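# Topology and contacts: notes
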Amino acid sequence: MSKNTDNLQVIKVITRERPYDVLVGSNLLDQVGTEVRTAVGGDAAFVVTDTNVGPLYLRRVEQSLADAGYRTVSITIPAGEQHKRLDTFGTIVEAMAEAGLTRSSVVVALGGGVVGDMAGFAAASYMRGVCVVQVPTSLLAMVDSSVGGKTAIDLDAGKNLVGAFHQPSLVLADVGCLSTLHPDVFVDGIGEVVKHAVLADADLFDELAAHPLSQDGDPAYLARIVARNVEIKRNVVAADERELGLRQTLNLGHTIGHAVEAASDFKLGHGHCVAIGLCAVARAAEGLGWCEPGLSTRIERCVEAQGLPIDTDLPHEMLLSFAVRDKKRRASHVNLVVARDIADVDIRSVSVEELARVIELGCASALRRS
Ligand code: GLY
């Protein structure tokens, strides 16, 4: 491990596919080459980045890989979820073939969730699977999408409909990258941080309710928060890699959140929608007697403290139609993750009628009160 890396935290992830380390710290981008060399080895490194992140960090990462003896090739894809599609995927895998990559090459995903998903899926598919190293640069990718092996692209029919479970061989999260994020994008990632706290960590929840996270904050503090989130996710993924049971709890806030995201035509960020979903389900759960009294107010205060929205005024019928289209729907029922208390969640199988009631009780509550 490099001595130049500050605030380093190492989280070990054990999955059936492979064990790997998640390194969280400052100045990690300059260590990508040596860390990839140690974790994966190989001859060539293929870096996938996007038009937002490439100009900021690609040269540093390429230099680090070249210094570690890699033949380095890169591709810069257009930034944005609208490009997480088959045609971009095709461009990436064609470029991999053009670069002469083999099974002993490694793909390096340098960017946020979209880059991680696309590069991960390209690595899962090319020659039936090559190693991928995730180098997340957004908060959302650091605390959620870079860990756990989900990779996917979107279809006309919905988000993430084609993909694969493909665990990374290494994850390097350099919290220094957070300072260059657009403030809205940084705050968006906090939606998943609050979700993890509600799911599994009452102390983290209280800390978040009291102190808004700052992208320019103390790097040691940011590294500690990111590392704690990775641990929470690691604990779930290690117990249920393929989302057969426990991993579904990571969908806390997502049933309503995905519906808000789709109904807003993806204009509202994923983390903002998850925050709304967390609050909406908590309000409904309280109305239905499924959770501790006062829980929804506690969650709303924490979400508000972090600068995220707590409600939506999108029409209920529209939200329901998107919520039942969710790919996690099983037959006539939807698995809805409900917090009974902080760090105590339940997966409830709810009918479409019950889901309609949840939306009615949980969404546009402020409008109803006025
Ligand atoms: N983002 C939820 C999961 O990885 O399962």
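Please refer to the structure placed before this passage.
Residues numbered from 1 in each chain as written. Predicted model: local features only at pLDDT ≥ 70, side-chain atom pairs only at ≥ 80, totals over all residues. Heavy atoms only, no water.

## Things to note about the environment of L308
With respect to the secondary-structure elements, L308 resides in the loop between helix 11 (295-305) and helix 12 (316-325). Placed 118 residues apart in sequence, L308 and I190 show a C-alpha to C-alpha distance of 8.1 Å. (Helix = DSSP H or I, 4+ residues; strand = E, 2+ residues; numbered from the N terminus.)

## So, the side chain of Q215
Within the fold, Q215 resides in the loop between helix 7 (202-210) and helix 8 (219-239). At a separation of 3.0 Å, a polar atom in the side chain of Q215 contacts the main-chain carbonyl oxygen of L178. A polar contact is formed between the side chain of Q215 and the backbone oxygen of L181, at a distance of 2.8 Å. For Q215, the residues in contact, after removing those within four places along its chain, are L178, S179, L181, P183, F186 and L222. (Polar contact = N/O pair within 3.5 Å; in protein donor to acceptor, adjacent residues only side chain to side chain. Contact = heavy atoms within 4.5 Å.)

## Brief notes about the pattern of salt bridges
Two side chains bearing opposite charge may form a pair once their charged atoms approach each other closely. According to the stated counting rule, one finds 23 salt bridges in the structure shown. Across the pair R228 and E231 runs a salt bridge whose closest N-O atoms are separated by 3.0 Å. Of this pair, R228 and E231 both sit in helix 8, three residues apart, which is roughly one turn of that helix. Accessibility expressed as a relative area gives 26% for R228, which makes it partly exposed. Judged by its relative accessible area of 28%, E231 falls in the partly exposed class. (Salt bridge = Lys/Arg side-chain N within 4 Å of Asp/Glu carboxyl O. Buried < 20%, exposed > 50% of the residue type's maximum accessible area, 1.4 Å probe, protein only.)

## Focus: the nonpolar core
Counting residues in hydrophobic clusters, the biggest one holds 98 residues, and the most contacted among them are V22, V24, L65, L110, F186 and I299. V24 has contacts with N7, L8, Q9, I11, A173, V175, A223, V226 and A227, leaving out every residue within four places of it along the chain. With 23 residues, the next largest nonpolar core counts F46, I75, V114 and A123 among its residues. (Core = buried A, V, L, I, M, F, W, Y, C linked by side-chain atoms within 4.5 Å.)

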